[in-house]
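# Coordinate inspection notes
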Amino acid sequence: MDFNLTEEHLMIRDAARDFAITELLPGVIERDEKQQFPDELVNKMADLGFMGIMVDPKYGGSGMDTISYVLIMEELSKIDASASVIVSVNNSLVCYGLQAFGSDEQKQKYLMKLATGEYIGAFCLSEPEAGSDATSQRTTAEDRGDHYILNGTKNWITNGGRSDVYLVIAQTHKEKGHKGINAFIVEKGMPGFDIGPKEDKLGIRGSDTHTLQFNDVKVPKENRIGDDGFGFKFAMKTLSGGRIGIAAQALGIAAGAYELALKYSKERKAFDTEIANHQAIAFKLADMATEIEAARHLVMKAAWDKDQGNNYDLSSAMAKLYASKVAMEQTVEAVQIHGGNGFVKEYHVERMMRDAKITQIYEGTSEIQKVVISRSILRD
Ligand code: COS
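Conventions used here
- Residues numbered from 1 in each chain as written.
- Predicted model: local features only at pLDDT ≥ 70, side-chain atom pairs only at ≥ 80, totals over all residues.
- Heavy atoms only, no water.
- Buried < 20%, exposed > 50% of the residue type's maximum accessible area, 1.4 Å probe, protein only.
- Helix = DSSP H or I, 4+ residues; strand = E, 2+ residues; numbered from the N terminus.
- Pairing = 2+ DSSP bridges.
- Axes fitted to C-alpha atoms, helices over the stretch in contact; angles between N-to-C directions.
- Parallel < 35°, antiparallel > 145°, perpendicular 65-115°, else oblique.
- Left-handed = near helix turned anticlockwise from the far one by under 90°.
- Contact = heavy atoms within 4.5 Å.
- Nonpolar A, V, L, I, M, F, W, Y, C, P; charged D, E, K, R; others polar.
- Core = buried A, V, L, I, M, F, W, Y, C linked by side-chain atoms within 4.5 Å.
- Salt bridge = Lys/Arg side-chain N within 4 Å of Asp/Glu carboxyl O.

## Focus on the pairing of strand β1 (residues 121-124)
Because side chains alternate across β1, one face comprises the buried residues G121 and F123, and the other comprises A122 and C124, equally buried. The sheet contact formed by β1 and strand β4 (residues 165-171) spans four bridges and is parallel. Counterpart to A122 in the pairing with β4 is Y166.

## Regarding the packing of helix α5 (residues 81-101) against helix α6 (residues 104-116)
Following both chains from N to C, one finds α5 and α6 inclined at 155°, their axes separated by 10 Å at the closest point. The angle between α5 and α6 places the two elements in the roughly antiparallel class. Every pair of crossing elements has a handedness; the one defined by α5 and α6 is left-handed. Residue-level inspection shows N90, V94, C95, L98 and Q99 of α5 in contact with α6, the latter providing K107, Y110, L111, L114 and A115.

## Considerations on unusual backbone geometry
When glycine is set aside, most residues are seen to have a negative phi, and most peptide bonds are trans. We note that W156 has phi near 55°; this positive angle belongs to a residue other than glycine. Topologically, W156 is positioned in strand β3 (residues 147-158). Even without glycine at this site, D216 takes up a positive phi of about 50°. Following the sequence through the fold, D216 ends up in strand β7 (residues 209-220). According to the relative accessible area criterion, D216 is exposed, its value standing at 53%.

## Examining the packing of helix α9 (residues 313-338) against helix α11 (residues 366-379)
At a closest axis distance of 9 Å, the pairing of α9 and α11 adopts a crossing angle of 140°. Read as a crossing pair, α9 and α11 show a hand that is left-handed. In this structure, α9 uses D313, L314, A317, M318, K320, L321 and S324 to contact α11, whose residues at the interface are S366, Q369, K370, V372, I373 and S376. Its residues assigned to classes, the contact of α9 with α11 shows six nonpolar, four polar and three charged.

## What to know about the side chain of E74
Along the chain, the position of E74 falls in helix α4 (residues 66-79). Sequence-distant contacts of E74, defined by excluding residues within four places in its chain, comprise A248, L251, G252, A255 and R296.

## A word on the environment of G52
The topology assignment puts G52 in the loop between α3 (39-47) and α4. Leave out the neighbours within four places in its chain, and G52 touches G61, S62, G63, N91 and A115.

## With respect to the nonpolar core
In this structure, L76 and L167 are the most contacted members of the largest nonpolar core, which totals 92 residues. No other element matches helix α7 (residues 231-267), which puts 17 residues into this core. With residues near it in sequence (within four places) discarded, L167 still touches L93, V94, L98, A122, F123, C124, F184, I185, I225 and F234.

## Quick word on the pattern of salt bridges
The final tally for this structure, using the stated rule, is 25 salt bridges. Here K221 and D143 are joined by a salt bridge, their closest N and O atoms 2.9 Å apart. Linking K221 in the loop between β7 and α7 with D143 in strand β2 (residues 140-143), this pair joins segments that are 78 residues apart in sequence. K221 gets classed as partly exposed once you look at its relative accessible area, which sits at 27%. The exposure class of D143 is partly exposed, given its relative accessible area of 34%. Among the salt bridges present, the one from K263 reaches E267, with a minimum N-O distance of 3.4 Å. With K263 and E267 both in helix α7 and four residues apart, the pair spans about one turn of that helix. It is possible to trace a salt-bridge network through shared partners that takes in R17, E74, E75, K78, E259, E293 and R296.

Without other data, these values stay purely geometric and don't point to any function.
In structure tokens, the structure reads:
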């Protein structure tokens, strides 16, 4: 067992850290306030290879491993969780989904552009009445021979307005339950595909979240991913990897808030000494450091499992469940350590507290992670 990162991993982590500090930090408060999507910064992240981290270089990707991916996600998320979720969705839900399960033609046509950042991608599973209960898809994809006709609504779609390519899950054979579900590649601009207004959110306000409408959208048969009926398994397998990315995002939010709280507690004085010298604060810092380290181990284990070719359904669910809990609890503590300043935007921790909440909700709520974990341990 080796807990050391390789030279290459350290370089990748440092590159992501430098980028986050020099490029993401300056405008992060303003983007949060104005709900501004970081278009230019996404281009810069693409130049660094962050939009196709794990994609094979023959499809335009960086060819890195999952450990590199979580290192990048942690560093970006320490500063700007809105920017990091754009990276996460593009990498682990869209690029990975196409690389693992797409046809060669689909990879040539779409993955090349997604991995280089020329295109941005979105993953469309959630619906007004099917979020956790993902088999109850109401969006329909009627088989018309050489094409499908899509009808329905998708909710809370990250990168919803900004994407060029959308992976859409829909029901083709209702009577077959989850075995009747398919996944499709839908392009922006296909007739009948409409993007609804942008959501006004509590956190990750710089990311672009929309409702999408499909009204008789004609999708060519070659845009179906995998065999007929593979869509539900496609979604589940892809989401298992996505959960590693969101776990790393949660870890980064927690670690970023902790670093700010640690610095603040060594500067701010009360009762004639720095507040870090008061046990009430020192013990909070001790708990934060310990829980963040535990979360990091779970995130790394899940990433390692994926890189080794092990099953990572359980480890990714555990990593997401725990890291998101730590992110939520420890950002609240970071605000508390900052006292009145913690409630003020320029100190960053209030934004981190708001951003943390979504990590307990998207790509499977904490309750769903417990379903996955409990089923796994009861089955074994
Ligand atoms: N990989 C591959 N196959 C999987 C899988 C996985 N990770 N998880 C489930 N499956 C398969 C099962 O093996 C089963 O196939 P068979 O009938 O051939 O054995 C099929 O999918 C249905 O699984 P199951 O019976 O467990 O489905 P449930 O309806 O009970 O739901 C949960 C399973 C709750 C785990 C699933 O619906 C889920 O993850 N929901 C949350 C979805 C989500 O993350 N939503 C957020 C939107 S994306 S931001």
